[in-house]
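# What the coordinates show
Listed below are the residues making up each chain.
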Amino acid sequence: MKKKVGFIGWRGMVGSVLLKRMLEEKDFSYIKSIFFSTSQIGEKNPKFSNFFFPGFLKDAYNIEELKKLDIIITCQGSLYTQKVFPILRSSGWSGYWIDAASDLRMHKDSLIVLDPINSVNIKKAINNGIKTFVGGNCTVSLMMLALGGLFRQNLIEWVTFSTYQAASGAGSEYIKELLKQINFLNQYLSQKSTFSQSILKIEKNITSIIKNSNFPKKNFLIPLILNLIPWIDSSMLNGQSKEEWKMEAETNKILSKTNKKRILIDGTCVRVGSLRCHSQSFVIKLKKDINLSEVEKILENDNQWVQVIPNNKESSLQKLTPLSVTGTLNIPIGRLRKLSLGSKYLSAFTIGDQLLWGAAEPLRRMLKFLI
């Protein structure tokens, strides 16, 4: 008998990508899918290309309807999880909850899922009665896939990082705002007289326009176009942003590391003006000196999605950019070299689509474990 799976938050960016991937992989043939909504209850179920889901949208806040489900997948966000999850569990529901939001990641009765890295732990958790599974932070998941071989062979002493995170990592409204910023600036750039001016005059005018109080920046708080934002998420007491804190906390939970064996991971998370895909630069302290060619083999042989990119200009420009990766499951890693700091110090640069491996794909694959 097919398991009854409820989908909540399927209209958003992550949810839309999740459904697209499930259709591509024919996952819906293995389940009975029920769609829920927080705002359009009673309307027809979604239609994707030639694939139509019969039926009507149910109320995502109706606990009695949710209790009928074997599995719930939610991409609705933190507020929904905070409101519904505790009530649903208190009602006696013992089904599986698969969540894209961060709220339950560090909960003692949940498991962060990234099966190319922790499939053994996922199977153990299911056998041990764990019912709550959560997708990891996007940058954490992309880092762990890229460096998977080094993590798996316990070769990393510590990592420091700098991230370059796309606007879409903040949500659909932030992408729209970035596009509004482009449109606002284009009103000046599209004037015929603009490019007849000196470049310093153009630069001065553009800066003035971006700093104008009418410039759209409601969500980002400051302009992102032709700029960057050196802070993502809320503040922690130690001076980190929460996004930076997640890198070490979630990585070690995924690896099931105890406090004594924790891998130290810290750095700076930055928002940049790309539409999609997160990039990350690493300095890695290895536990022992390993030949660079051996490092490349360890990385590339760990999982089928990692691709080691030769450390030269042409390959880097062609294969290590957001545009080269967007919409794919590929995790290229390049700029690999030993640093002048010493033979145990490794530099690396990686990139991945944060809406796929960074969000939707681990949820889709977790569902496959349960069905």
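Every chain's residues receive numbers from 1 upward, in the order its sequence appears when written. Confidence filtering applies because this is a predicted model: local features only for residues at pLDDT of at least 70, side-chain atom pairs given and counted only at 80 or more, and all residues used for totals across whole chains, interfaces and linings. Computation of side-chain values covers all heavy atoms of the structure but excludes hydrogens and water.

Right, let's get into the sheet that holds strand β14 (residues 331-338). By this definition, two strands are paired if DSSP reports at least two bridges between them. Helix and strand assignments come from DSSP, with helices taken as H or I runs of at least 4 residues and strands as E runs of at least 2, each series counted from the N terminus. Judged by pairing direction, the sheet is mixed, and its six strands sit side by side in the order β11-β10-β12-β15-β14-β13 without closing on themselves. The sheet is open, and its two edges are formed by β11 (264-271) and β13 (306-308), each paired on a single side. Taken over all neighbouring pairs, the strand axes of this sheet differ in orientation by 20° on average, direction set aside. Direction of pairing for strand β10 (residues 156-165) relative to β11: parallel, over a ladder of eight bridges. Bridged to Thr 163 within β11 is Cys 269. Comment: axis = line fitted to C-alpha atoms, over the contacting stretch for helices; angle = value between 0 and 180 degrees taken between N-to-C directions.

Another aspect to go through is the pattern of salt bridges. Pairing between side chains becomes possible if they bear opposite charge and their charged atoms approach one another. Any carboxyl oxygen of Asp or Glu that lies within 4 Å of a side-chain nitrogen of Lys or Arg is treated as forming a salt bridge with it. With the rule as written, the count across this model stands at 21 salt bridges. A salt bridge links Arg 21 to Glu 25, with the nearest nitrogen and oxygen atoms 3.1 Å apart. A salt bridge links Asp 109 to Lys 108, with the nearest nitrogen and oxygen atoms 3.2 Å apart. Buried residues are those whose accessible area, probed at 1.4 Å on protein chains only, stays under 20% of the maximum for their type, while exposed residues exceed 50% and partly exposed ones sit between those limits. In this structure Lys 108 comes out as exposed when scored by relative accessible area, which is 71%. Within this structure, Lys 20, Arg 21, Glu 24, Glu 25, Asp 27, Glu 361, Arg 364 and Lys 368 form a network of salt bridges that share partners.

Strand order across the open sheet formed by seven strands is β5-β2-β1-β6-β7-β9-β8, with parallel pairing between neighbours. The sheet is open, and its two borders are formed by β5 (58-59) and β8 (110-113), each paired with just one other strand. Whether two residues touch is decided by their heavy atoms; if any such pair falls within 4.5 Å, the residues are in contact. Its contacts with the sheet put helix α4 (residues 115-127) on β7 (96-99), β8 and β9 (132-135), and the angle it makes with β8 is roughly 155°.

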